[in-house]
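# Secondary and tertiary structure notes
Listed below, chain by chain, are the residues.
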Amino acid sequence: MKETGGRNSIFTFDRMVALTSILIALFLIHNEYNMPNPNIQQTIGPSFMPIAILVALIFSALLILFTSLRTERKTGDADAVLAEPSLQTSAEQYKIMGMVLLGLVLYAVMLVPVGFIISTSGLIVWQAQLFEKGKWIRNLAVGIPFSILIYYLFVHFLEVMLPGGILSF
Amino acid sequence: MKTVQHRVYRVWIVAALLLIGIGMGAAGAVLAADYPGKSMLMIAPSKPGSGFDTTMRAVVLALTQEKLVQAPMTVMNMAGSVPGTAQIVLRYSNDPNMIAVMSTTGSLNYATGLSPYYHKDWKPIARLISAYYGIFVRQDSPYKNLGDLIKDLKNNPGGTPLSGGYSDDRLCYGALFSKAGVDITKINYAAFAGGVESAGVVLEGSAKALVSTIDDVMGLLESKQLRLLAVSPGKRMEGPLLKDIPTFREAGVDLEWDNFRYILGGKGMPDYAVKYWQGTLTKMVKTPTWQGMIKKYRWGDSLLVEGIDKFLDEKQVVITDVVKKLGMDKKAKK
Amino acid sequence: MDLWTNISLGFSQAISLQNLAYCFIGALYGTVIGVLPGIGPLVGISILLPITYSLPPVSAVVMLAGIYYGSAYGGSTCSILVNTPGESSAVVTCFDGYQMAVQGRAKAALATAAIGSFFAGTLATVAIMFLAMPIARLGIKFTPAEYFSLLLLALTMVGTLTTESPVKGLFTTLVGLLLSTVGMDLQTGRVRFAFGSQWLIEGVDFIVVAIGLFAISEVLVQAELVQKFGLQKREQISGRYWITMEELKQSFMPYVRGTVIGFLIGVLPGAGSTPATFFSYAVEKKSSKHPERFGKGAIEGVAGPEAANNAANQGALVPLLTLGIPGSATTAVMLGAFMIYGIQPGPLLFEKDPAFVWTIIASMYIGNIILLILNLPLVNIFAKLLDLPAALLSSMVLTFCTIGVYSIRFAVFDVFLMIIFGIVGYFMRKHDYPAAPLLLALVLGEMMEQGLRRALTLSNGDWTVFVTRPISLGLLSISALSLLYSVIKYLRGKKRLA
């Protein structure tokens, strides 16, 4: 075991994926197996395919697990991909991605009650701040007309209803 | 003195109440006179090109061309009819400026347990049209009439596979053949997304017959690749290719079947709005534009305004019964 | 002659003012999304779908097709000027294209890419024209049994041949298949894996998954890179001549080879255009007298792969139009679009509505000419798009993604699903789990399962139907061989490590 962070811990990404998907697959098989089926004439029912896929999924998860263990044995490295420094994600990078996601979630929550124009202007300003600090005026000057234009274009020209919210027109 | 004051108060209260009452009445009258006023939202709870969409767009076209409604009307497609109806129920319950189109599919989804909502969760306005079904076979099929097919379905259920749509087509299939005395739980029915898709296996020969809305596969009937055994309405249909085709009843099964499409509003739609649309739609179905649409899509003109609720109640019972016979009701076990 | 009546019918409709206009809009929009990094044809088409509802179907499909093959033109611009591939099929163009730009030969690189795209696009359209009817005629004989076998073949090829890591490719294919079973089962009306959600009864919409996995994850990756490297600068388009006779001569044979390679790989179900570009690059390098020039600005290294990319794109339309089977993730989105307009592509479409199919084919000739004009003399204008501030661009992309997903059925539920798939897509990228097989399996999975069960229903439960029918047997044997091939590849990989 080298001491470069969690890189060589037993719980690499691939192994975690494999183990969780096996557990989920087992749960889903159990769930699907106990479903009552409609009384319709057919050779294989609606449960056949899902269960077959889930069994294959468990097999392929085991294959990932096996490959990961084998790679570690051969190269002494549990997760060769993560060993490249450029692919390591720093805490600041996770933070900025988290903020992007937070903005998107807030956007989704606000879209219907508050309306398209206000939430979209908000999203644009928020997102632009994350990418490039400052330039408030430019971002607002682009964001607000953009939102109004898109709203008008979609609702009145392309006949796609966007939520009007509190600024309905 | 005290009593006088009391009386004065009482007068004031009565006057105030009267004023409020008159005011509300007037406001109501203004609203009703103005209706629809702002733009109407016309929901087709399925994809463009679907039956719902065609119906709704035909309505909008007729209303606009015949200048029956001045307010702008926007057709909104909501892909997926099951949650689509839920949306109508929940989001637009009290909005008088929303109408939508629904069909047998709504009653079917409620009967199978797919959707918890049915016609009592919204306000039916008027039944507009009926789409009819036909039983089709390949041009060179040995079946000469519906009776031949039923005989085979009874004697050799495993060897007589059928094809058709998964939703309302299947309902017609269930209603027809269970009425004819066939044990439909033993029939091989390959379900497809719709009529056109299911025609392929009949043309190729692996399915013996097809259940489909007539309009869906009209092209294949015209090019003489398919032959029509029987049609579902109560009386014979019009048109050179259809007028000689017997109805189900003439072919020996006592059944009339259709896919009825009706217009509905939210549960809280005020009476004046319901009245407005019932009147407008009644006027619309008589116009040449609408009659042209009916011809184009081979719909049955089946306007029903009075008693629409009772009609839907009765249909729900019939459809639930067919769904049970199909083995598709929610309580069915393995 | 049958073919000529058909194609002239197509042209007569394609040159209507309306269709020309939509063809132009499609080509223009396709070029724009091609040029912009991070928005490929897949995302570009997905976010546009809801607004095409109100168009007549023919015009809508002409436009979508224009976007589809147009984006392959624009894709090279970003690779050459910024060294950032807009999508995986433009990776190869970076190798020599960017080097040429650094040496001040950006114009020649852009020109050879545009001319190569035009050459391949036009020749491939000719090939489509001749191949479409024979394949559609064969397709008439397809029953659910053949469809099942064909889809199984497509999926084995996707999961095994086209990815660097077959083990992970298999895994994501299976996840896609699993997602395809969510919702109501057509054959019985029984709901699977919906866990009480009304929205999931209709299944997991592939557009939601596509936008999540490809667009949202891309914005996340951009956010990550911006934090690390800051904003990127592009090379300028300088020089007097577009392309010299000498350079054109050097490019000609790569065009021809690239077109043939690309078309053949494109027609295969499940392959897509990325392997075609890599294969073409390898062929050019091998057949060159000076292989050492490759990677240092060899014009053949741009010409071949660009031609291959376009030919593969067009080739993938063959199974889509004639059999209704999408061969790549992007054509899967196209199939979804067809369905939205109520059109089921496949052999019956050629019988039922020949005007429709042939109008689209005819419009491809016109579209390629429009694209050549847009991408050669006017490329400067599009290159300016690369100067747009990434900050604003990415937020506009997010807005369009959200509108696109929301307006499918006006459900905020779908927007949250999109965000979840965005996060999943980000980690899949980071850890080499290929996303395209997942998406393709999601689309093909339902068709495959329904094919299997319809075939068994129609044969009254007789499983031999898959091997007694010759076409089905042939297709199954090919999938068995390709599976065997990947097992061998996997085992050999094991030896190499040892």
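The structure presented is a predicted model; accordingly, all values stated were derived computationally and were not measured.

Moving on: the overall build of chain B. Assigned secondary structure in chain B consists of 11 helices and 11 strands. In chain B, which comprises 334 residues, the proportion classed as buried is 48%. Counted over contacts in chain B with a minimum sequence separation of 6, partners at least 24 positions apart contribute 78%.

Another aspect to go through is the overall build of chain A. A tally of helices and strands in chain A yields five helices and zero strands. Ordered by position from the N terminus, the helices and strands of chain A form the series α-α-α-α-α. Looking at chain A as a whole, 30% of its 169 residues are labelled buried. Once local pairs closer than 6 in sequence are excluded, the contacts in chain A between residues at least 24 apart make up 60%.

With that settled, the discussion passes to helix α15 (residues 329-340) of chain C. All names here are of chain C. Spanning 12 residues, α15 covers 17 Å between terminal C-alpha atoms, matching the ideal 16 Å at 1.5 Å per step. With 10 of 12 residues buried, α15 lies mostly within the body of the structure. Taken residue by residue, α15 has Ala329, Thr330, Thr331, Ala332, Val333, Met334, Leu335, Ala337, Phe338 and Ile340 as its buried positions. Once α15 ends, the next one or two residues include Gly342, with phi positive near 75 degrees.

To continue, consider the pairing of strand β8 (residues 209-213) of chain B. Residue and element names in this part refer to chain B. For β8, the tally of buried residues reaches five of five residues, placing the bulk of the element in the interior. The alternating pattern of β8 places Ala209, Val211 and Thr213 on one face and Leu210 and Ser212 on the opposite face, and all of these are buried. As defined by bridge partners, strand β6 (residues 162-165) adjoins β8 across three bridges and the pair is classed as parallel. Directly across from Leu162, in β8, lies its bridge partner Ala209.

This part covers the interface of chain C and chain A. On the chain A side, the residues contacting the 53 residues of chain C number 55 residues. Sorting the residues of the side of chain C that touches chain A by element identifies α8 (166-180), α10 (206-229), α19 (390-409), α20 (412-430) and α21 (436-458) of chain C as the ones contributing at least two each. Among the elements that make up the side of chain C that touches chain A, the one with the highest residue count is α19(C) (12 residues).

A few words now on the interface of chain B and chain A. Listed as interface residues are 11 residues of chain B and, on the opposing side, eight residues of chain A. For the side of chain B that touches chain A, the class distribution of residues is four nonpolar, four polar and three charged.

Interpreting fine coordinate detail is not advised for predicted regions of low pLDDT. Residue and element names in this part refer to chain B. Of the residues in chain B, 88% have a pLDDT of 70 or more, and the chain-wide mean is 87. When pLDDT is averaged over each helix and strand of chain B, the minimum, 60, is found for helix α1 (residues 2-34) and the maximum, 96, for strand β5 (residues 133-138). The ipTM value of the predicted complex is 0.89, and its pTM value is 0.86.

Residue and element names in this part refer to chain B. In space, the six strands of this open sheet follow the order β2-β1-β3-β10-β4-β11, with mixed pairing throughout. The sheet is open, and its two borders are formed by β2 (73-77) and β11 (300-304), each paired with just one other strand. The average angle at which neighbouring strand axes cross in this sheet is 20 degrees, direction not considered. Examined bridge by bridge, strand β4 (residues 123-131) and strand β10 (residues 259-265) share seven bridges and lie antiparallel to one another. Bridged to Pro124 within β10 is Leu264.

A few words on unusual backbone geometry. Of note, Arg298(B) is a non-glycine position whose phi angle comes to about 55 degrees, a positive value. Along the polypeptide, Arg298(B) turns up in the loop between α10 (288-297) and β11.

Turning to the packing of helix α2 (residues 17-35) of chain C against helix α17 (residues 354-375) of chain C, a few remarks are in order. All names here are of chain C. Where α2 contacts α17, the axes come no closer than 9 Å and their chain directions differ by 50 degrees. With respect to each other, α2 and α17 are oriented oblique. The interaxial crossing formed by α2 with α17 has right-handed handedness. Contacts between α2 and α17 involve Asn19, Leu20, Cys23, Phe24, Gly26, Ala27, Leu28 and Thr31 from the former and Thr359, Ser363, Ile366, Gly367, Ile370, Leu371, Leu374 and Asn375 from the latter. Residue composition of the contact of α2 with α17, by class: nine nonpolar, seven polar and no charged.

Okay, the packing of helix α6 (residues 168-179) of chain B against helix α11 (residues 308-326) of chain B next. Residues and elements named next belong to chain B. For the pair α6 and α11, interaxial distance at closest approach is 9 Å and the crossing angle is 80 degrees. By the angle between their axes, α6 is roughly perpendicular relative to α11. Between α6, through Arg170, Leu171, Gly174, Ala175 and Ser178, and α11, the contact on the second element is made entirely by Ile319, Val322, Lys325 and Leu326. A per-class count over the contact of α6 with α11 returns five nonpolar, two polar and two charged.

All names here are of chain C. With respect to the helices and strands, Ser273 occurs in the loop between α11 (245-267) and α12 (274-287). In this structure Ser273 comes out as buried when scored by C-beta crowding, with 29 C-beta atoms within 10 Å. Excluding residues within four positions of it along the chain, Ser273 makes contact with Ser89, Gly262, Gly266, Asn309, Ala312 and Asn313.

Here we come to helix α5 (residues 136-157) of chain A. Along an α-helix, a turn takes 3.6 residues, which lines up residues three or four apart on a common side. Its 22 residues place the ends of α5(A) 30 Å apart at the C-alpha level, agreeing with the 32 Å of an ideal helix rising 1.5 Å per residue. Those residues of α5(A) not exposed but buried are Asn139(A), Val142(A), Gly143(A), Ser147(A) and Tyr151(A). Buried positions in α5(A), seen along its axis, are confined to an arc of 150 degrees and lie on one side of it. In α5(A), the exposed positions that point more than 90 degrees away from the buried face belong to Ile137(A), Ala141(A), Pro145(A), Leu149(A) and Phe157(A). Against α4 (116-131) of chain A together with α19 of chain C lie the buried residues of α5(A).

Another point: the pairing of β4(B). Residues and elements named next belong to chain B. With respect to burial, β4 is a largely interior element, eight of its nine residues being buried. Both β4 and β11 contribute to a ladder of three bridges, which runs antiparallel. Note that in β11 the partner of Ile129 across the bridge is Asp301.

Here we take up the sheet that holds β5(B). All names here are of chain B. A sheet is described by the order of its strands in space; here five strands give the open sequence β7-β6-β8-β5-β9, paired in mixed fashion. Only two strands of the sheet have a single neighbouring strand rather than two, namely β7 (189-192) and β9 (226-231). In this sheet, adjacent strand axes meet at a mean angle of 30 degrees when their direction is disregarded. Taken together, the four bridges between β6 and β7 define a ladder with parallel strand orientation. Across the sheet, the residue bridging to Gly164 is Ala191, located in β7. Most of the contacts of helix α5 (residues 146-155) go to β9, to which it runs at about 90 degrees, and overall it touches β5, β8 and β9.

Basis of the calculations
- Residues numbered from 1 in each chain as written.
- Chains lettered and ligands numbered in written order.
- Predicted model: local features only at pLDDT ≥ 70, side-chain atom pairs only at ≥ 80, totals over all residues.
- Helix = DSSP H or I, 4+ residues; strand = E, 2+ residues; numbered from the N terminus.
- Buried ≥ 20, exposed ≤ 12 C-beta atoms within 10 Å, placed from the backbone.
- Contact = placed C-beta atoms within 7 Å.
- Expected span 1.5 Å × (residues − 1).
- Pairing = 2+ DSSP bridges.
- Nonpolar A, V, L, I, M, F, W, Y, C, P; charged D, E, K, R; others polar.
- pLDDT = per-residue confidence, 0-100.
- Axes fitted to C-alpha atoms, helices over the stretch in contact; angles between N-to-C directions.
- Parallel < 35°, antiparallel > 145°, perpendicular 65-115°, else oblique.
- Left-handed = near helix turned anticlockwise from the far one by under 90°.
- Arc of directions from axis to C-beta.

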